[in-house]
Amino acid sequence: MPELPETETIARDLDGALRGAVVRSVEVLRADVLRDPTRGGRALRGAAAAREAASFEGALTGTTIVRVWRRAKSIVLGLGERGSVVVTPRFTGALLLRDAERPRTLSSRDHGPRAAAATGAEGDPYSCILVSLDDGRRLAYRDVRRLGTVALLSPAQFTAWDQSLGPEPLDPALTAERFSGILRGSRRAVKSVLMDQARLAGVGNIYANESLFAAGLRPTRAAARVSRAQGAALLAALREILRASIAARGTTFRDYQDAYGGRGGFAAQLQVYGRGGLPCPRCGEPLRETHRLEGRSTVWCGSCQR
């Protein structure tokens, strides 16, 4: 599931490519990815889905994309007074610029089989929404399992959504003291708190595992038992890892791809995630793995993490 570095990469790609672009037309091919926040965010069916699709198409047509940015694990397309489109890719979703020339600044390693998706083959069965721009390019939301969501939020709805999320880990306003307070305010496992979007926005399973290993903290340790010094070390480790992953354009194991269909390169730098049973890169002891915490893979070293 794309986390902060992956969605940040997509948002940066799209912001550079789409600022000022005018939407010529919109086609909703799979309306079940649309989420109406006034109905609790549930997928719509039948006539309700058709109405939502028509409303979405009409609302976006003729708008100008003012800017694109990231919030938590979502990509936000700002449309000014018309509101914002919030895209949360989840497991297999992707925002792809089609019929677009790839910037030369992107690494040549990104030119692979997946990059073909960005050129936009017609009849793609996994395309959910197609946005045609006035310059002939298209922005496609593609989602194999259709677990991701796309929502058009009014300014008031966006504010409410934004305020429901915790602070961003890379925001300088998040001081070590404030971060420590977030941890001390919960009796849950420290890994669970890191992944709680209402407490800290953008961190998921990959970077929770990696940062806890870097800070020497066991994932199951109660967050309230993390000292101020340990909290400061954890925040510093988390920020270093997130920035390194952004520089590598995120982590790809299978599904994640950037706005041009390229793969992220941070997997080669992972220390523990996906390495259960292999030797710890510090002490050589076999890394432990469990799925009991939040139902996600948790990998740690029983010797190096306390």
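Everything below is about the structure printed above this text.
Please read all numbers here as calculations on a predicted model, not as lab measurements. (Residues numbered from 1 in each chain as written. Predicted model: local features only at pLDDT ≥ 70, side-chain atom pairs only at ≥ 80, totals over all residues. Heavy atoms only, no water.)

Moving on: the pattern of salt bridges. Using the criterion set out here, one finds 19 salt bridges in the structure. Where R71 meets E168, a salt bridge forms, and the shortest distance between an N and an O atom there is 2.9 Å. Within this pair, whereas R71 is found in strand 2 (residues 67–71), its partner E168 is found in the loop between helix 3 (155–163) and helix 4 (176–184), the two being separated by 97 residues in sequence. Considered together, R71 and E168 belong to a single accessibility category, that of buried residues. Close ionic contact of D124 with R98 constitutes a salt bridge, the shortest N to O distance being 3.0 Å. (Salt bridge = Lys/Arg side-chain N within 4 Å of Asp/Glu carboxyl O. Helix = DSSP H or I, 4+ residues; strand = E, 2+ residues; numbered from the N terminus. Buried < 20%, exposed > 50% of the residue type's maximum accessible area, 1.4 Å probe, protein only.)

On to the packing of aromatic side chains, then. Applying the stated criterion to the full structure yields 4 aromatic pairs. With a centroid separation of 6.2 Å and an interplanar angle of 40°, the aromatic rings of Y207 and F266 are classed as tilted. A residue pair is termed long-range when its members are at least 10 positions apart, and Y207 in helix 6 (residues 205–215) and F266 in the loop between helix 7 (228–247) and strand 9 (288–290) qualify at 59 residues. Residue F266 is classed as buried on the basis of its relative accessible area of 3%. Their ring planes at 55° and their centres at 5.5 Å tell us that F253 and Y273 sit as a pair that is tilted. With F253 in the loop between helix 7 and strand 9 and Y273 in the loop between helix 7 and strand 9, the pair connects residues that are 20 residues apart, well separated along the chain. Taking relative accessible area as the criterion, F253 reaches 47% and is therefore assigned partly exposed. The buried category is assigned to Y273, whose relative accessible area is 18%. (Phe/Tyr/Trp six-rings, centres within 6.5 Å; stacked < 30°, edge-to-face > 60°.)

Turning to the environment of P155, a few remarks are in order. As for its position among the elements, P155 is in helix 3. According to the relative accessible area criterion, P155 is partly exposed, its value standing at 47%. Through-space distance from the C-alpha of P155 to that of R82 is 7.7 Å; in sequence the pair is 73 residues apart. Leaving out residues up to four positions away in the same chain, P155 has contacts with E81 and G83. (Contact = heavy atoms within 4.5 Å.)

Turning to the sheet that holds strand 3 (residues 74–78), a few remarks are in order. The antiparallel open sheet is built from 4 strands, whose spatial order is 2-3-4-8. In the strand order of this sheet, the two ends are held by strand 2 and strand 8 (149–153), each with one partner. Here the strands of the sheet are splayed against their neighbours by 20° on average, with no regard to which way each runs. Both strand 2 and strand 3 contribute to a ladder of 5 bridges, which runs antiparallel. Following the sheet pairing, V68 is matched in strand 3 by L77. Lying on the sheet, helix 1 (residues 4–18) is in contact with strand 2 and strand 3; it crosses strand 2 at an angle near 175°. (Pairing = 2+ DSSP bridges. Axes fitted to C-alpha atoms, helices over the stretch in contact; angles between N-to-C directions.)

For the rest of this paragraph, the subject is the pairing of strand 4 (residues 84–88). Where burial is concerned, most of strand 4 is hidden: 5 out of the 5 residues are buried. Of the pairings in the sheet, the one linking strand 3 to strand 4 comprises 4 bridges and is antiparallel in character. Among the inter-strand pairings, G78 is bridged to a residue of strand 4, identified as S84. Taken together, the 5 bridges between strand 4 and strand 8 define a ladder with antiparallel strand orientation. In the strand pairing of strand 8, V85 is matched with L152.

Attention now goes to the nonpolar core. Within the largest apolar cluster, 33 residues are counted, with the highest numbers of intra-cluster contacts made by L14, F56, L95, I129 and V150. Of all elements in the fold, only helix 1, strand 1 (23–28), helix 2 (46–60), strand 3, strand 4, strand 5 (93–98), strand 6 (127–133) and strand 7 (138–143) reach the threshold of two or more residues within this core. Ranked by residues supplied to this core, first place goes to helix 1 with 5 residues. In this structure, L95 is in contact with I10, L14, I75, L77, V87, L139, A140, Y141, D258 and A259, ignoring residues within four places of it in sequence. Listed in part, the 28 residues of the second largest apolar core include F179, I206, L217 and A248. (Core = buried A, V, L, I, M, F, W, Y, C linked by side-chain atoms within 4.5 Å.)

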